[in-house]
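Below, each chain spelled out in residue letters.
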Amino acid sequence: MAYEFLAFDVADRVATITVNRPDKLNALNNATIGELGQAIEEARARDDVAGVILTGAGRAFIAGADISELSSQSAAGAKNLAQRGQAIFRRFETSPKPTIAAVNGFALGGGCELAMACHLRLASEHAKFGQPEVKLGLVPGYGGTQRLPRLVGQGRALQLLLTGEMIDAQEAFRIGLVNRVVPAGELLAAARTMLAQMLANAPLATALCIEAVDRGSAMSLDDALALEATQFGLLASTADMAEGTRAFLEKRPPRFSGK
């Protein structure tokens, strides 16, 4: 599939999606959001892709929405825009294949929201994070008010949301917004290394673990535990579980088939 505002590359079972509008600091216009939706669907569908890395070209990851488009939205149009973006970001979040945001620079507004929709976030030492929508007379529209408190707690989330302040990578790591901070030149390599660790594990177990965490976060503890037990039972009947336990007992690396 051809993309105008993204690069989509596959190597070693990993799809690397690069937002490629460096002259606009990779701002999310309607076309770019649409291409992100196409890219995650392609990654989810392709048999030669087992995981996804999302990053940005140039000195920004994604520096927010395209304000020139946003400024002319009606109330109904803005709501539709938010719902469309939320649905596309949700496809990253619910992907059965692990998604890692490799945040190379500015991750502001929609950029921070998209990073939060990925399963993990690695940040360059130069990365910056923020939800500055209140400075524009808005609230975040792509999930920021919901994912940020889930990641960092309500108090810290409200501080960032209500002040619109920007924080650096080390502060993002300290509060739990990112999983790791690495030197800029090592960012993509670190993301690939982390993803390789995940891809060495059983694909079905990986997918159901993602599902359990995602669905369970919206359930009561009792219901979430029931979901976990059901998945535990389902996986116990798979060829990968038999292979994994056999390999452990035989003291050899497992050879998972995804079955």
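It should be noted that the structure appears before, not after, this text.
Residues numbered from 1 in each chain as written. Predicted model: local features only at pLDDT ≥ 70, side-chain atom pairs only at ≥ 80, totals over all residues. Heavy atoms only, no water.

**Q** Could you clarify how one ought to interpret the sheet that holds strand β9 (residues 166-168) in this entry?
**A** Taken together, 4 strands build an open sheet; the order of strands is β4-β6-β8-β9 and the sheet is mixed. Two strands in the sheet have a free side with no partner beyond their single neighbour: β4 (60-62) and β9. Averaged over all pairs of adjacent strands, the angle between their axes in this sheet comes to 20°, without regard to strand direction. Two strands pair when backbone bridges link them, and β4 and strand β6 (residues 106-108) are joined in this way by 2 bridges, in the parallel orientation. In the strand pairing of β6, Ile62 is matched with Ala107. (Pairing = 2+ DSSP bridges. Helix = DSSP H or I, 4+ residues; strand = E, 2+ residues; numbered from the N terminus. Axes fitted to C-alpha atoms, helices over the stretch in contact; angles between N-to-C directions.)

**Q** Help me understand the sheet that holds strand β10 (residues 180-182), please; the structure alone is not making it clear to me.
**A** The pairing of strands in a sheet comes from backbone hydrogen bonds and takes either a parallel or an antiparallel form. The 6 strands lie next to each other as β1-β2-β3-β5-β7-β10, forming an open sheet whose pairing is mixed. Looking at strand neighbours, the two that pair on one side only are β1 (6-11) and β10, the edges of this open sheet. With direction set aside, neighbouring strand axes in the sheet form an average angle of 20°. Here 4 bridges tie strand β5 (residues 99-103) to strand β7 (residues 120-124), and the two strands are oriented parallel to one another. Bridge assignment links Val103 to a residue of β7, and that residue is Ala123.

**Q** Whenever I open this one, the layout of surface pockets confuses me. Can you help?
**A** Gaps left between atoms are located by rolling a probe of water-molecule size over the structure's atoms. Empty space within the largest pocket amounts to approximately 790 Å³. Lining the largest pocket are 23 residues, with Glu93, His119, Val213, Asp214 and Ser217 positioned closest to its centre. Among the elements that make up the lining of the largest pocket, the one with the highest residue count is helix α9 (residues 203-216) (6 residues). As a volume, the second largest pocket reaches approximately 490 Å³. If you go around the second largest pocket, you meet 23 residues; those closest to its centre are Ala65, Leu70, Glu133, Leu138 and Val139. Elements with a contribution of two residues or more to the lining of the second largest pocket: α2 (67-70), α3 (75-93) and α4 (110-117). (1 Å grid on protein atoms, 1.4 Å probe; cavity = no way out; pocket = protein on both sides within 12 Å on 5 of 7 lines; lining within 4 Å. Points joined across faces, edges and corners; volume = space filled by probe spheres on them.)

**Q** Where do I start with the packing of aromatic side chains in this structure?
**A** Two aromatic rings are characterised by how far apart their centres lie and by the angle between their planes. In the structure shown here, the tally under the stated rule is 2 aromatic pairs. Between Tyr3 and Phe8 the ring centres are 6.0 Å apart and the planes differ by 25°, which places this aromatic pair in the stacked class. Residue Tyr3 shares its accessibility class with Phe8, and that shared class is buried. For Arg21, the ring lying beneath its charged end belongs to Phe5, and the centroid distance is 5.4 Å. (Phe/Tyr/Trp six-rings, centres within 6.5 Å; stacked < 30°, edge-to-face > 60°. Buried < 20%, exposed > 50% of the residue type's maximum accessible area, 1.4 Å probe, protein only. Lys NZ or Arg CZ within 6 Å of the ring centre and 35° of its normal.)

**Q** Would you explain helix α8 (residues 187-199) in this entry?
**A** An α-helix turns once every 3.6 residues. As a result, residues three or four positions apart point the same way. Counted at 1.5 Å a residue, the expected span for α8 with its 13 residues is 18 Å, and the 18 Å between its end C-alpha atoms agrees. If you follow the buried residues of α8, they end up packed against β2 (14-19), β3 (51-56), β5, β7, β10 and α9. (Expected span 1.5 Å × (residues − 1). Contact = heavy atoms within 4.5 Å.)

**Q** Looking at this model, I keep getting lost on the packing of helix α1 (residues 30-45) against α3. Mind explaining?
**A** Relative to each other, α1 and α3 sit at 25°, their axes nearing to 9 Å. Relative to α3, the element α1 is oriented roughly parallel. Considering how the two elements wind past one another, α1 and α3 form a crossing that is left-handed. Here Asn30, Ile33, Gly34, Leu36, Gly37, Ile40, Glu41 and Arg44 of α1 lie close against α3, whose contacting residues are Leu81, Arg84, Gly85, Ile88, Arg91 and Phe92. (Parallel < 35°, antiparallel > 145°, perpendicular 65-115°, else oblique. Left-handed = near helix turned anticlockwise from the far one by under 90°.)

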